[in-house]
Every structure is written in structure tokens, then in C-alpha cells.
Amino acid sequence: MTARLLRSVAMAGAALLAGCGEWPAALTPMGEGGDRIARLFWLFTIVCAVVWLLVVLALAIAIARHRVDRADPLAEEPRRDRAARRVVGACLAATGVILIVLTGFSWWTGKGLAALGERPALTLRVTASQWWWQVQYEDDQPNRVLTTANEIHIPVGEPVQIKLEANDVIHSFWVPRLSGKEDLIPGRQNVITIKADAPGRYRGQCAEFCGLQHAKMALLVVAEPRPAFDAWREAQLAPAAEPQEAEARRGRDVFLSKPCVMCHQIRGTPSGGRVAPELTHIGSRETLAAGTLPLTRGSLAAWIADPQAIKPGSNMPRVDLDADELNALVAYLESLK
Ligand code: CUA
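Definitions and limits used
- Each chain has its residues counted from 1, running along the sequence as written.
- The predicted nature of this model means local features are confined to residues of pLDDT at least 70 and side-chain atom pairs, given and counted, to a pLDDT of 80 or more, with totals for whole chains, interfaces and linings taken over all residues.
- The basis for every side-chain value is the complete set of heavy atoms in the structure, and neither hydrogens nor water enter the calculation.
- A 1.4 Å probe that fits into a set of points on a 1 Å grid over the protein atoms alone but cannot get out defines a cavity; an open set with protein on both sides within 12 Å along at least five of seven lines defines a pocket, and lining residues are those with an atom within 4 Å of a point.
- Grid points are joined across faces, edges and corners, and a volume is the space filled by probe spheres set on the points.
- In this description a helix means any DSSP run of H or I spanning at least four residues, a strand means any run of E spanning at least two, and both kinds are numbered starting from the N terminus.
- In this classification, the charged set is Asp, Glu, Lys and Arg, the nonpolar set is Ala, Val, Leu, Ile, Met, Phe, Trp, Tyr, Cys and Pro, and all remaining amino acids, among them Gly, are polar.
- Each residue gets one of three labels from its accessible area relative to the maximum for its type: buried under 20%, exposed over 50%, partly exposed in between, using a 1.4 Å probe on protein chains only.
- We treat two strands as partners when DSSP finds at least two bridges between them.
- Lines fitted to the C-alpha atoms define the axes, with helices restricted to the stretch that makes contact. Angles between their N-to-C directions range from 0 to 180 degrees.
- Oblique is the label for any angle not under 35 degrees, not over 145, and not in the 65 to 115 range, which are roughly parallel, roughly antiparallel and roughly perpendicular in turn.
- Should the near helix be turned anticlockwise from the far one by less than a right angle, the crossing is left-handed, and should it be turned clockwise, the crossing is right-handed.
- Any two residues whose heavy atoms approach within 4.5 Å are treated as being in contact.
- When a carboxyl oxygen of Asp or Glu lies within 4 Å of a side-chain nitrogen of Lys or Arg, that pair is called a salt bridge.
- Pairing of aromatic side chains here covers Phe, Tyr and the six-membered ring of Trp, requires ring centres within 6.5 Å, and sorts the geometry by plane angle: under 30 degrees stacked, over 60 edge-to-face, intermediate tilted.
- Put simply, buried Ala, Val, Leu, Ile, Met, Phe, Trp, Tyr and Cys residues joined by side-chain atoms within 4.5 Å make one nonpolar core.

Now for the layout of surface pockets. In this structure, the largest pocket occupies an estimated 1000 Å³ of space. What lines the largest pocket is a set of 25 residues, and nearest its centre among them are A58, A84, V87, V88 and C91. For the lining of the largest pocket, the secondary structure elements donating two or more residues are helix 2 (32–64) and helix 3 (78–116). No other element matches the twelve residues that helix 3 contributes to the lining of the largest pocket. The residue inventory of the lining of the largest pocket, partitioned by class, reads 18 nonpolar, two polar and five charged. Here the second largest pocket is characterised by a volume of approximately 600 Å³. Contributing to the lining of the second largest pocket are 32 residues, with H264, A276, P277, W303 and M316 lying nearest its centre. Looking at the lining of the second largest pocket, the elements with two or more residues in it are helix 6 (260–263), strand 11 (287–288), helix 7 (297–305) and helix 9 (323–335). For the lining of the second largest pocket, a count of residues per class yields 24 nonpolar, six polar and two charged.

Shown next as C-alpha cells:
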């Protein structure tokens, strides 16, 4: 009986892990913020598990020692009553101590997270919209303020402060391996600080239900060594490259003559829309439509041909293009490295 129960539990656990593919990201932290939160999680989990086991054990003992064959079940037993009162009193005191200790650790974690943001190496402004992220790198020189979308590059080992805002509804910024969650609320600014201890790609996800495509509102944080980050930033600051191939040049004409320019901006061209993701260097990004698709020629074509089939309800409309126009437009966007 017990063996069968254990086997079922093990199988359920294995199925759960297989479903997730790997150990949950929040429990494999790769930065100080994520570390602190994972430690707090384990402390709470272990303390609560021990308390639960003790309660179940006490219950089992009480059931095992239960006696029904006494002559008078209501007779007073002062000695047993005194012992029971002492046990209940001790448990009450222990509950108070555990609550105070856990509250103290929570406060200490929050203090550590706040301290992380005291001397940021870099300040970003991330604005959430249904269903994508605008990313802006602040700089004292206005011509060095960089705007991009859905992909955040950061230097390894340096705290990066992120000011969070929202355009429409409440969203939540969450990159589980680097930090906890922080809401993006229309009309106010919240701040979160992230720091990556190792180079790599860290997936982020909107963590507050924000409408139909909430699940397709991911972002990517790319942490790289300082020189690589500086090179990336300089390259991103440059206006869009002049297309070399005839097809890409035709694609630029398609882009500029169609409604694309009403919403999107490609620096270096007359387009100046600000309500949709900035596309100046879209060809250098790894994903499309806020992490919905990998950025490839095929997915670009599929997305432009029918965005509503891929992300129903998003603000990207279907624009009438014939096959040649679509091919040329995709070639142009892909060339924007
Ligand atoms: Cu944005 Cu959920």
C-alpha cells in the first residue's frame, strides 16, 4: 500500500518535471536578486514542511492513543489536562517565534534587494503595452538615448536599474533567474534592479494577467561581458544600415509606402511611428512579437502575412501585400542587423 502510494507520488513528480522540461528558472538563480529570493523560498518551504510534518505526527499520535473504553469519558483528568495545556502553550509560542523569524528574513531579503539598486551601472526605462515591451537606455546626452523592444542587453556583474511603466493595463516584469516580480502600473513608476552573475540568455515573462495575449508577452535579457555590451550599444545607436541588395531596397520602399510607418520607426528613414516596437535593428534580435517566435525569415513572413493568426487581438493589423512585396519587406527587415 505504502509502496504503491510512494510510486504514484514519484510518478506525479516526474511527470511534473518532464512537463516543465527542466528545474524551474526561479530556483536556478544567476544573479544576486534571484539568489536572495530563492533562499527565502527554500527557507519558507523547509520551515513550513517541518511544521506540517510535526502537526501530522501529533495528529497520528493523538489518534493512536485515543481511548473509548473508559467508564466515564467526561471525567476530569487534571494531570493529563495540565500536560495538554503545556503542549498547546509551547506550540503557540513556537508559532509566534516562527512567524517573527520568517518576517525578519523577508524584511532582510527586501533590504538586500533594495541595496542592489543603490549604485546602478546603467538605467533603463521599460514600458509595457499589450503585449510587448519598449526598452529605453537612458543617457545624459539625448542623442545617445537608445530605444529598442523586447530584448534587453546588460553587462555581466553590474547592477542595472529598470524604471517600470505601463501604457494601458497593469503588467508585471519578471525575469525569474535574475530577480523577483515588479508590477508596471499605468500612471506610476516602479523600479527594479537586476544583475546577472554569468553571461547568458535569461527569459522573462509578463507575470500579471493583462489580456488575451498575456502568455505571449515574453522578453529576453542577454547578459554579456562589458566590451561586448558596449559594442552592442554602439551598434544599436547607429541608424539603420543602407540595404545592399536590390530586393531589400525594394523592401524598404514597401515599408515606407504601406501603413507600417504609422506605428513603427526605423531610424534613418522617414518612418517615425512610436506606438509599436522600434525596428531599426530588428534583424539583430533573437525573437519576434515579444518572444512569440524565433526571428527567422520564415517567421517574419508568417507574422507580417497574418499577425492575427499568431497573436489574436494584438494591435498589429494585416496589411495587404502581394507575395513579391512580402518577400522584399522580409528581406529588408532581416537585413537590419
Ligand atoms: Cu502583460 Cu501579462
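Burial of strand 10 (residues 218–224) is extensive: seven of the seven residues sit out of reach of the surface. Neither face of strand 10 is left uncovered, since the one carrying A218, L220, V222 and E224 and the one carrying L219, V221 and A223 both have all their residues buried. Bridge count for strand 4 (residues 151–155) against strand 10 is five bridges, and the pairing is parallel. Bridge pairing links I152 to V221 in strand 10. Note: strand 9 (residues 200–205) against strand 10, six bridges, orientation antiparallel. Across the sheet, the residue bridging to G200 is A223, located in strand 10.

For any two helices packed against each other, the geometry is given by the interaxial angle and the distance between the axes. Packing of helix 7 against helix 9 leaves a shortest axis separation of 10 Å and a crossing angle of 125°. Taken together, helix 7 and helix 9 sit at an angle that is classed as oblique. Crossing hand, helix 7 versus helix 9: right-handed. On helix 9, the residues that touch R297, L300, A301, I304 and A305 of helix 7 are L326, N327, L329, V330, A331, L333 and E334. Split by residue class, the contact of helix 7 with helix 9 holds nine nonpolar, one polar and two charged.

The tally for this structure, following the rule as stated, stands at 18 salt bridges. Between E32 and K195 there is a salt bridge, with its nearest N and O atoms 3.8 Å apart. One end of the pair, E32, is in helix 2; the other, K195, is in the loop between strand 8 (190–194) and strand 9, with 163 residues separating them in the sequence. Note that D230 is salt-bridged to R226, the shortest N-O span being 2.8 Å. Highlighted residues: D230 and R226, both in helix 4 (residues 226–237), separated by four residues, approximately one helical turn.

Right, let's talk about the packing of aromatic side chains for a bit. This structure, assessed with the given rule, holds seven aromatic pairs. Residues W133 and F173 carry aromatic rings whose centres are separated by 5.9 Å and whose planes lie at 90° to one another, so their mutual orientation is edge-to-face. Taken together, the residues W133 in strand 2 (residues 132–137) and F173 in strand 6 (residues 171–174) connect sequence positions 40 residues apart. Taken together, a centroid distance of 6.3 Å and an interplanar angle of 40° make the contact between Y137 and F229 tilted. Here F229 lies in helix 4 and Y137 lies in strand 2, a separation of 92 residues in the sequence.

Once that is clear, we can look at the sheet that holds strand 2. On the basis of which strands lie adjacent, the open sheet formed by five strands has the order 3-2-1-5-8 and mixed pairing. Strands with a single pairing partner mark the edges of an open sheet, and in this sheet they are strand 3 (146–149) and strand 8. Along the sheet, successive strands turn relative to each other by an average axial angle of 25°, direction set aside. Summarising the sheet, strand 5 (residues 160–166) and strand 8 pair through five bridges and their orientation is antiparallel. Within the sheet, the bridge partner assigned to L164 lies in strand 8 and is N190. Across the sheet, helix 4 lies against strand 1 (122–129), strand 2 and strand 3, angled at about 95° from strand 3, the strand it touches most.

V126, W133, Y137, I152, I154, I162 and F173 are the most contacted members of the largest nonpolar core, which totals 32 residues. Those elements giving two or more residues to this core turn out to be strand 1, strand 2, strand 4, strand 5, strand 8, strand 10 and helix 4. Residue contacts for I162: discarding those within four places in its chain leaves L124, V126, F173, N190, V191, I192 and I194. Core analysis: the next-biggest nonpolar cluster, separate from the first, contains 23 residues, A248, L279, L300 and I310 among them.

Counted under the stated rule, the structure contains one cavity of 30 Å³ or more. Empty space within the largest cavity amounts to approximately 50 Å³. In terms of lining, the largest cavity is formed by W132, Q134, T147, Q265, G273, R274, A276, P277 and E278.

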